[in-house]
Amino acid sequence: ASCTSFLKYNTVVKDNRRLLKLGSCWGGWGTDGNNPSYHSPGSFKVMRDYHTSFPENDRDYALPNFGSSGSLADHWNQLIDTSYETLSATQCPAQGMVPNWATIDVINGEIRHTGGSFSGSGTPQWEYGSEASRTTWRVTIDAALYPSEMNAAAKPYLYPLLSSLKN
C-alpha cells in the first residue's frame, strides 16, 4: 500500500507528466516549487518493479485513480521520465550541477526552469549546496541498479559532472 500511496499522494500530473511533490501537502509545478534532489529515478524504478510485480490477488484494496490514463507501470515510468526531464531543465550544462531549489513548469510542451524564487528549507535556492548534492547520488543509484538503461537518462545527467572531474 505504501507504493500506491506514494504514487497517488506524492506526485502531481500536468500535461501527461507526473512530477514528484515535496511531500503530500506541498510542492509541484510553477510557484509551488520543487527540489531537484528529491528526484530519485533509480528508487522509483525499484518501486515500479515491486509494485507491478505484486500479485493482484494479494492486494486487499482497489488501486486508486492516479490522475491519468495508463497502466501502473505507465504511471511509474511517467514519474521517472518527468524526473529526468526536471533534472535536465535545472542542470547547469557547463558543470552538470543542479540548484538546491527550482521552479519548473511545462512551457510549450517542455519542462522548463522558470527562474522563479523558491526555497523550502532556508538553503540558498541557486547554489549547489547540501540539498542539491544528493541529486548525483540518486542518479548514480539508477545507473548502478539499471545499467542497461543508463544511456537513456542517467548518463546524460552524469556526463557533465564526470567530465568536469577529469579536468
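Residues numbered from 1 in each chain as written. Predicted model: local features only at pLDDT ≥ 70, side-chain atom pairs only at ≥ 80, totals over all residues. Heavy atoms only, no water.

Focus on the packing of helix H1 (residues 2–9) against helix H3 (residues 72–90)
Using the following cut-off: Lines fitted to the C-alpha atoms define the axes, with helices restricted to the stretch that makes contact. Angles between their N-to-C directions range from 0 to 180 degrees. Numbering of helices and strands runs from the N terminus; a helix is a DSSP stretch of H or I covering at least four residues, while a strand is a stretch of E covering at least two. In what follows, roughly perpendicular refers to angles from 65 to 115 degrees, roughly parallel to angles under 35, roughly antiparallel to angles over 145, and oblique to any angle outside these ranges. Helix crossings fall into two classes, left-handed where the near helix is turned counterclockwise from the far one by less than a right angle and right-handed where it is turned clockwise. Should any heavy atoms of two residues lie within 4.5 Å, those residues are considered in contact.
Their axes nearest at 11 Å, the elements H1 and H3 cross at an angle of 55 degrees. Comparing the axis directions of H1 and H3 gives the class oblique. In this structure, the crossing between H1 and H3 has a hand that is left-handed. Touching Cys3, Phe6 and Leu7 of H1 are Leu72, His75, Trp76 and Leu79, all from H3.

Quick look at unusual backbone geometry
Counted only if it meets this: With a 1.4 Å probe rolled over the protein chains alone, any residue whose accessible area is under 20% of its type maximum counts as buried; one over 50% counts as exposed, and the rest are partly exposed.
Its identity is not glycine, yet Asp15 carries a phi of approximately 50 degrees, on the positive side. Its identity as a non-glycine residue notwithstanding, Asn16 has a phi of 65 degrees, on the positive side. Relative to the elements of secondary structure, Asn16 occurs in the loop between strand S1 (11–14) and strand S2 (17–20). Using a relative accessible area of 59% as the deciding quantity, one classes Asn16 as exposed.

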